[in-house]
Amino acid sequence: QVQLVESGGGSVQAGESLKLLCSGSGYIFSTCGMAWYRQAPGKEAELVSSIRSDGRTNYADSVRGRFSISQEKTKGTMYLQMNSLTADDTAKYYCVAWDGLSCSENYWGQGTQVTVS
């Protein structure tokens, strides 16, 4: 099954940038998508950005224009470039990947903390 590990989080000042990495392994299919979710204390987890196997992307309104998602599909890796960070971006960021028949199986990493002050 798919294994996901996030890295790249940290503590930064407002206006600075971070780049998150999701390292995946165990994929069977190459036609499924991946996504970044985040969850801040006291808030529900939200979809930040997703990327389909064909490269099509979508972004939450709150990050569009500041964040950029990308993938190296053959390696099972995904990135989230985060620019112009604000305190509202403080959250634990999770890598999510889909796999299996009809891309019906989803897998989550353990998350990486991003703190913006």
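Structure's up top.
Being a predicted model, the structure only gives us computed values, none of them experimental.

Thresholds applied
Residues numbered from 1 in each chain as written. Predicted model: local features only at pLDDT ≥ 70, side-chain atom pairs only at ≥ 80, totals over all residues. Heavy atoms only, no water. Salt bridge = Lys/Arg side-chain N within 4 Å of Asp/Glu carboxyl O. Buried < 20%, exposed > 50% of the residue type's maximum accessible area, 1.4 Å probe, protein only. Helix = DSSP H or I, 4+ residues; strand = E, 2+ residues; numbered from the N terminus. Polar contact = N/O pair within 3.5 Å; in protein donor to acceptor, adjacent residues only side chain to side chain. Contact = heavy atoms within 4.5 Å. Core = buried A, V, L, I, M, F, W, Y, C linked by side-chain atoms within 4.5 Å. Pairing = 2+ DSSP bridges. Axes fitted to C-alpha atoms, helices over the stretch in contact; angles between N-to-C directions.

J.: What is the right way to look at the pattern of salt bridges in this model?
T.: For side chains of opposite charge, pairing can occur when their charged atoms come near one another. For the structure shown, the criterion picks out six salt bridges. The shortest N-O distance in the salt bridge between E72 and K75 comes to 3.3 Å. In this structure E72 comes out as partly exposed when scored by relative accessible area, which is 29%. With a relative accessible area of 57%, K75 lands in the exposed category.

J.: For this particular structure, what's the right way to read the side chain of S50?
T.: Mapped onto the secondary structure, S50 falls in strand β5 (residues 46-51). Under the relative-accessibility criterion, S50 is labelled buried at 14%. Polar contacts involving the side chain of S50 include one to the side chain of N58, which spans 2.3 Å. Apart from the residues lying within four places of it in its own chain, the contact partners of S50 are M34, A35, R56, T57, N58 and I69.

J.: Just checking my understanding: could you explain the nonpolar core for this structure?
T.: Nonpolar side chains in soluble globular proteins tend to end up buried together. Core analysis: the biggest nonpolar cluster contains 27 residues, and W36, L80, M82 and Y93 have the highest contact counts within it. At the level of secondary structure, the elements contributing two or more residues to this core comprise β3 (18-25), β4 (34-39), β5, β7 (67-72), β8 (77-82), β9 (91-99) and β11 (112-116). If one sorts the elements of this core by residue count, β9 sits on top with four residues.

J.: Help me understand the pairing of strand β10 (residues 105-108), please; the structure alone is not making it clear to me.
T.: Two faces belong to every sheet, and in a regular strand the side chains alternate between them. By the bridge criterion, four bridges tie β9 to β10 in an arrangement that is antiparallel. Bridge pairing in β10 places V96 opposite W108. Connecting β9 to the next strand, β10, in antiparallel fashion are five residues, including G100 with a positive phi near 85°.

J.: Where do I start with the side chain of R38 in this structure?
T.: Along the chain, R38 falls in strand β4. Accessibility expressed as a relative area gives 5% for R38, which makes it buried. In this structure the side chain of R38 is engaged in a polar contact, spanning 3.0 Å, whose partner is the side chain of D89. Reaching out from R38, the side chain makes a polar contact with the side chain of Y93 at a distance of 2.8 Å. Here R38 is in contact with E44, A45, E46, V48, S62, V63, F67, D88, D89, A91, K92 and Y93, once residues within four sequence places are set aside.

J.: Just checking my understanding: could you explain the sheet that holds β8 for this structure?
T.: The strands making up a sheet associate through hydrogen bonds between their backbones, and the pairing can be parallel or antiparallel. An order of β1-β3-β8-β7 is seen for the four strands of this open sheet, with the pairing classed as antiparallel. On the outer flanks of this sheet lie β1 (3-7) and β7, each paired with one strand and no other. Neighbouring strand axes in the sheet, compared pairwise and without regard to direction, differ in orientation by 15° on average. Sheet analysis places β1 next to β3, joined by five bridges and oriented antiparallel. Bridging across to β3, Q3 finds its partner in S25.

Fair warning: the whole summary comes from geometry, so function is off the table for now.
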